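A closer look at the structure
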Amino acid sequence: MTPKRATTDLGSAHVFLTGATGFVGQAVLERLLSAHPQTTVSILVRTKAGEDTSARVAELLAKPVFQSWRDAVGDAAVEKAARERVRIVEGAMGSIPELPKDLDIAIHSASVVSFDPPIDEAFDTNVNGAINLYERLLETGGDPRVVHVSTCYVGGLRKGVAPEARLTHEVDWRAEYAAAKAARERVEILSRESDRLRSFMDAARAKHNKEGPQAVAKASEEARIKWVTAELIDAGRTRAQSLGWTDVYTLTKAFSERAAEELWGENGHRLSIVRPAIIESALRHPFPGWIDGFKVADPLIIAYGRGLLPEFPGLPDSILDVIPVDYVVNAILAAAANPAAKNKPEYYHAASGASNPLPFHQMFGYVNKFFVENPMKNKKGEDLAVPTWKFAVGNKLEVEVLRKEKLAVAAEKLLGRLPDNERVRRWHNQMIRNVADLETLRNFTQLYRVYVQTEIIFDDRNLRALHNALPAGKRAEFGFDIGAIDWADYMLNVHFPAIIALTAEFTAKRAAKKAAEAAAAPSSSGLAPASDVLAVFDLEGTVVDSNIVQQYLWVRSAGIRKAAWPGEVLSILGSLRGYLRAERRDRGEFIRSFLRRYEGVPVARLERIVRGGYADQMYRHTSPEAIAAITAHRDAGHRTVLVTGSIETLAEPLAGLFDDVVGGHMHETDGVLTGYLAKPPLVDEARAAWVRRYAQEHGLNLAASYGYGDSHADLVWLELLGNPHAVNPDTQLAREAQRRNWKIDTWKRGNRSPKRDVMDGKALQADRAPDTAN
């Protein structure tokens, strides 16, 4: 029963606080230190191995939430409070150590921060964490008053008024916890069944076969792990909904309450459960708009401001139950100062829906008004227009999103089959953005449905009674009069500017990081001098805008059975479909198949042709940007290597630019090529293995080295190097390069004869020969 007269005084209480590094926990700690100067606070913190606990406290107290207090009392007073009043209890919710025996108050605010985690992780943090806490508290032999921070949404899927009372469910939470713990083992076993493993391998081969068997195995295992996580997430969501809850987060928070009741509040001790609604930025303390990262509603608000949400499936009259974080903190500390009676837990809804409701359509009006008057900008600095929602009923939006996702998948497959060029890459990049936008919309729809389609009102009579019982002179600073909040002022002048500032801060940090990376990765015209740096250049499609088919045609047109050249072209065209299939399956298979056409060619004659008309063709097709990059690496003292999946003889015209040329060799009998390779072609994983060995033999630093390739098959060796460049990349390599934030170069096709440059390269080779000898 809430007292008729309440206090805000915590005296010299020793407070144990979990979740001190979280949003609410930080604010509670700040309030204890700034407004309750006689208290001592022990905080549960996971420290890194060998980390000094005082450094961990200093790091925590350097956060923005403590800045107003620091400004008021000075750095020396803050450091003194850190030394004398803050104690670290090293551990985590799953491994809480022995607790101090002189605790007066325990505030449990730690919980999993995701709404849809794997079922075992949700239970481990929210349920097992609570069990550990109350068992450790029982072991102290003391009787601290406990404030257990939960959530308003623990009541599950329901309509009408939710009372501030013990939950009425009869679910055996211990049995559910045991089942959740066993879920991962069960799903891991299912993921290893033969049929399922085959499906992972088939999908991996379809996408990664050109990279090599180890890349396929890696992708297959990553797919299995991803499947396990998805199954465990679905298990949590499905089990929660089958029991009448929205998601595994609210389910486990409900079970956490039951653990608190059975182990503590109904077991001879004092327990207050505070259930906040959607916690957002501070209204007044520590300063208006303080927030630590984006909270529940904020990603939706920002996505709307960016024009990413053309419509949203909310009920216009649904109550969006928002509460400023400083009101939640005041409610927690008021509950701590005015404990419940033993064996009679008290319940408080820190919510606004009953006393000061904010309908979803009203919230939308505020958001729309703000972004119309303060539009966000695109990359070009142009204002982003925001839509007007019509609040579509039923599942119209979900159906439309699904339709667009199917179209996007079909378009992506089509783009993957088109010939690679800059225009196709632009189309593909735009398609990636479109798919990401659709995924954002679908994720938001699933995540926020419970908040924008709810028909629950959270009763707050107990909370109002507690506020009204506080001393009149203390209510303004320590109270939580929900009805006094002016939502228009709070949203338009406090909360929205706060999250826009947070967005700008994140954007600035990303921009600074990219700028630093760009500065640390010098352009080819400003490479850092070094003798232990390797620069590997792929030949076909990178240095030269040709492939082994074109190279063969150059050889034929320059002298090998020249009269039969037109017929040879027709023969190649007739075999083209088979070659393309082989290329998609395995680049090595394609190379072996095509090089059979050299059967019967005299070695000496091939070498003469390569030195003659073939060389002129290669010079005309060599990229000027490639020559510039190679020259820059040589000028910086880097070791340059040209690598080809074809035979080394065909790369000879460009050998003068490089320290080494590495490629295949064809088997010959009596000076005539047999059409077979002397050893497997140097592609995909074989090339990666060669790069590792070459670097080891020559004492080269791969982390500082460079690689230039154009094909998805080059991925496995490019990723070994600290500075990979995707040059005119095919669709799959372009996708990976973007995902990994690699440099993507667009080099022009050879449109002039760089023969003079190549001759200069030969001079450079001669000059450097003594330094680069093996």
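Residues numbered from 1 in each chain as written. Predicted model: local features only at pLDDT ≥ 70, side-chain atom pairs only at ≥ 80, totals over all residues. Heavy atoms only, no water.

A short note on the overall build of the chain
Put simply, the rule reads: The way it works is that DSSP assigns letters per residue, a run of H or I at least four long becomes a helix, a run of E at least two long becomes a strand, and they are numbered from the N terminus. Contact between two residues is taken to exist if any of their heavy atoms lie within 4.5 Å; hydrogens are not considered. We get accessible surface area from the Shrake-Rupley algorithm with a probe of 1.4 Å; when it comes to residues, only the shown protein chains can shield them.
Looking only at helices and strands, one finds 26 helices and 19 strands in the chain. Within the chain, contacts between residues separated by at least 24 positions form 78% of all contacts whose residues are at least 6 apart in sequence. For the chain, the computed accessible surface area is about 35,100 Å², with 52% contributed by carbon and sulfur atoms.

Points about the pairing of strand β15 (residues 666-669)
Stated precisely, the cut-off is as follows: Strand pairing follows a simple DSSP-based rule, namely that at least 2 bridges must link the two strands.
Pairing analysis gives 3 bridges linking β15 to strand β16 (residues 672-677), with the strands arranged antiparallel. Bridging across to β16, Thr 669 finds its partner in Val 672.

Some words on the packing of aromatic side chains
Worth spelling out the cut-off: In summary, the pairing rule links any two rings of Phe, Tyr or Trp, Trp by its six-membered ring, whose centres are within 6.5 Å, and it sorts them by plane angle into stacked for under 30 degrees, edge-to-face for over 60 and tilted for everything else. The buried label goes to any residue with under 20% of its type's maximum accessible area, the exposed label to any with over 50%, and the partly exposed label to all in between, with areas taken from a 1.4 Å probe on protein chains only.
Applying the stated criterion to the full structure yields 23 aromatic pairs. Both rings, one in Phe 23 and one in Trp 290, keep their centres 5.2 Å apart while their planes meet at 35°; by these two values the pair is tilted. Here Phe 23 is found in helix α1 (residues 23-35), whereas its partner Trp 290 is found in the loop between β8 (278-280) and α10 (298-305), with 267 residues between them in sequence. The same class applies to Phe 23 and to Trp 290, which are both buried. These aromatic residues form a ring-pair network of at least three members: Tyr 304, Phe 360, Phe 364, Phe 370, Phe 371, Trp 389 and Phe 496.

Considering the pattern of salt bridges
To keep it simple, the criterion reads: For this document, the term salt bridge refers to a Lys or Arg side-chain nitrogen within 4 Å of an Asp or Glu carboxyl oxygen.
On inspection of all chains with the given rule, the structure shows 37 salt bridges. Glu 121 is the salt-bridge partner of Arg 184, the closest N and O atoms lying 3.7 Å from each other. In this pair, Arg 184 sits in helix α6 (residues 173-191) while Glu 121 sits in helix α5 (residues 119-140), placing the two residues 63 residues apart along the sequence. A relative accessible area of 25% means that Arg 184 is categorised as partly exposed. The partly exposed category is assigned to Glu 121, whose relative accessible area is 41%.

A closer look at helix α12 (residues 360-373)
What counts here: One less than the residue count of a helix, multiplied by 1.5 Å, gives the span that helix is expected to have.
Helix length check: α12, at 14 residues, gives a terminal C-alpha distance of 20 Å against a target of 20 Å (1.5 Å per residue), a fit within 8%. Among the residues making up α12, those that are buried are Phe 360, Met 363, Phe 364, Tyr 366, Val 367, Asn 368, Phe 370 and Phe 371.

What to know about unusual backbone geometry
Geometrically, the link from His 285 to Pro 286 is a cis peptide bond, its omega value of 5° lying close to zero. Mapped onto the secondary structure, Pro 286 falls in the loop between β8 and α10. Of note in the backbone geometry, Asn 343 takes a positive phi value of approximately 65° without being a glycine. Relative to the assigned elements, Asn 343 resides in the loop between α11 (325-337) and β10 (346-350). The residue Asp 670 is not glycine, and still its phi comes out positive at about 55°. Relative accessible area serves as the criterion here: at 78%, Asp 670 is assigned to the exposed category.

Describing the sheet that holds strand β2 (residues 40-45)
Test applied: Only the stretch in contact is used when fitting a helix axis, every axis being a line fitted to C-alpha atoms; angles between N-to-C directions are given from 0 to 180 degrees.
One open sheet accounts for 7 strands, arranged β3-β2-β1-β4-β5-β7-β10; its pairing is parallel. Two strands in the sheet have a free side with no partner beyond their single neighbour: β3 (86-90) and β10. Within this sheet the neighbouring strands show an average axis-to-axis angle of 20°, counted without direction. Strand direction decides the pairing type here: strand β1 (residues 14-18) and β2, joined by 4 bridges, are parallel. Across the sheet, Leu 17 pairs through a bridge with Ile 43, a residue of β2.

What to know about helix α25 (residues 731-739)
Turning to α25, its buried residues number three or more, namely Thr 731, Leu 733, Ala 734, Glu 736 and Ala 737. Following α25 by one or two positions, Asn 741 has its phi on the positive side, about 60°.

What to know about the environment of Val 329
Tracing the backbone through its elements, the reader meets Val 329 in helix α11. With a relative accessible area of 2%, Val 329 lands in the buried category. Every residue in contact with Val 329, bar those within four places of it in the chain, is listed here: Val 24, Ala 27, Val 28 and Arg 31.

A short note on the packing of α5 against helix α9 (residues 248-265)
Rules: An angle below 35 degrees is read as roughly parallel, one above 145 as roughly antiparallel, one from 65 to 115 as roughly perpendicular, and any other as oblique. Less than a right angle of anticlockwise turn of the near helix away from the far helix marks a crossing as left-handed, whereas a clockwise turn marks it as right-handed. Side-chain classes follow a simple rule in which Ala, Val, Leu, Ile, Met, Phe, Trp, Tyr, Cys and Pro form the nonpolar group, Asp, Glu, Lys and Arg form the charged group, and the remainder, Gly included, forms the polar group.
At a closest axis distance of 9 Å, the pairing of α5 and α9 adopts a crossing angle of 15°. Between α5 and α9, the angle is such that the two are roughly parallel. At the point where α5 passes α9, the crossing takes the right-handed sense. Seen from α5, the contacting residues are Ile 119, Ala 122, Phe 123, Asn 126, Val 127, Ala 130, Ile 131, Tyr 134, Leu 137 and Leu 138; seen from α9, they are Val 248, Tyr 249, Leu 251, Thr 252, Lys 253, Phe 255, Ser 256, Ala 259, Ala 260, Leu 263 and Trp 264. When grouped by side-chain class, the residues that make up the contact of α5 with α9 number 17 nonpolar, 3 polar and 1 charged.

Re the packing of α5 against α6
Between α5 and α6, whose axes approach to 9 Å, the crossing angle comes to 140°. Put simply, α5 runs oblique to α6. Regarding α5 and α6, the two cross each other, and that crossing is left-handed. Together, Ile 119, Asp 120, Glu 121, Phe 123, Asp 124, Val 127, Asn 128 and Ile 131 of α5 and Trp 173, Glu 176, Tyr 177, Ala 180, Ala 183 and Arg 184 of α6 make up the contact between the two elements. Taken together, the residues that form the contact of α5 with α6 break down as 8 nonpolar, 1 polar and 5 charged.

Looking at the sheet that holds strand β19 (residues 743-745)
With parallel pairing, the 6 strands of this open sheet are ordered in space as β14-β13-β12-β17-β18-β19. Pairing within the sheet leaves two strands with one partner each, and these edge strands are β14 (660-664) and β19. Across the sheet, the axes of successive neighbouring strands diverge by a mean angle of 20°, strand direction being ignored. Summarising the sheet, strand β17 (residues 706-709) and strand β18 (residues 723-727) pair through 4 bridges and their orientation is parallel. From the neighbouring strand, Gly 707 faces β18, where its bridge partner is Pro 724. Packing against the sheet, helix α23 (residues 684-698) makes contact with β12 (534-538), β13 (639-647) and β14, and its axis sits at approximately 150° to β13.

Focus: the environment of His 621
Its place among the elements puts His 621 in the loop between α21 (603-620) and α22 (624-635). Counting along the chain gives 127 residues from His 621 to Lys 748, while the straight-line C-alpha distance between them is 9.9 Å.

Notes on the nonpolar core
To keep it simple, the criterion reads: Put simply, a nonpolar core is a bunch of buried Ala, Val, Leu, Ile, Met, Phe, Trp, Tyr and Cys residues held in one set by side-chain atoms that sit within 4.5 Å of each other.
Core analysis: the largest hydrophobic core is formed by 99 residues, its most contacted members being Val 28, Ile 43, Ile 107, Ile 332, Met 491 and Phe 496. Take this core: its biggest share by element is 11 residues, from α11. Apart from the residues lying within four places of it in its own chain, the contact partners of Ile 332 are Val 24, Val 28, Ile 107, Val 147, Val 149 and Val 274.

What about the side chain of His 495?
Heads up, the condition is: The term polar contact refers here to a pair of N or O atoms within 3.5 Å; inside protein, the definition further demands a hydrogen-donor-capable atom paired with an acceptor-capable atom, and it admits residues adjacent in sequence only when both atoms are side-chain atoms.
With respect to the element layout, His 495 can be found in helix α17 (residues 487-520). On the accessibility criterion, His 495 (1% relative accessible area) is buried. Within the structure, His 495 has its side chain in polar contact with the side chain of Glu 280 (distance 3.4 Å). There is a polar contact of 2.8 Å between the side chain of His 495 and the side chain of Asp 298. Each residue touching His 495, except ones within four places of it in the same chain, is listed here: Glu 280, Ser 281, Ile 291, Asp 298, Ile 301 and Tyr 490.

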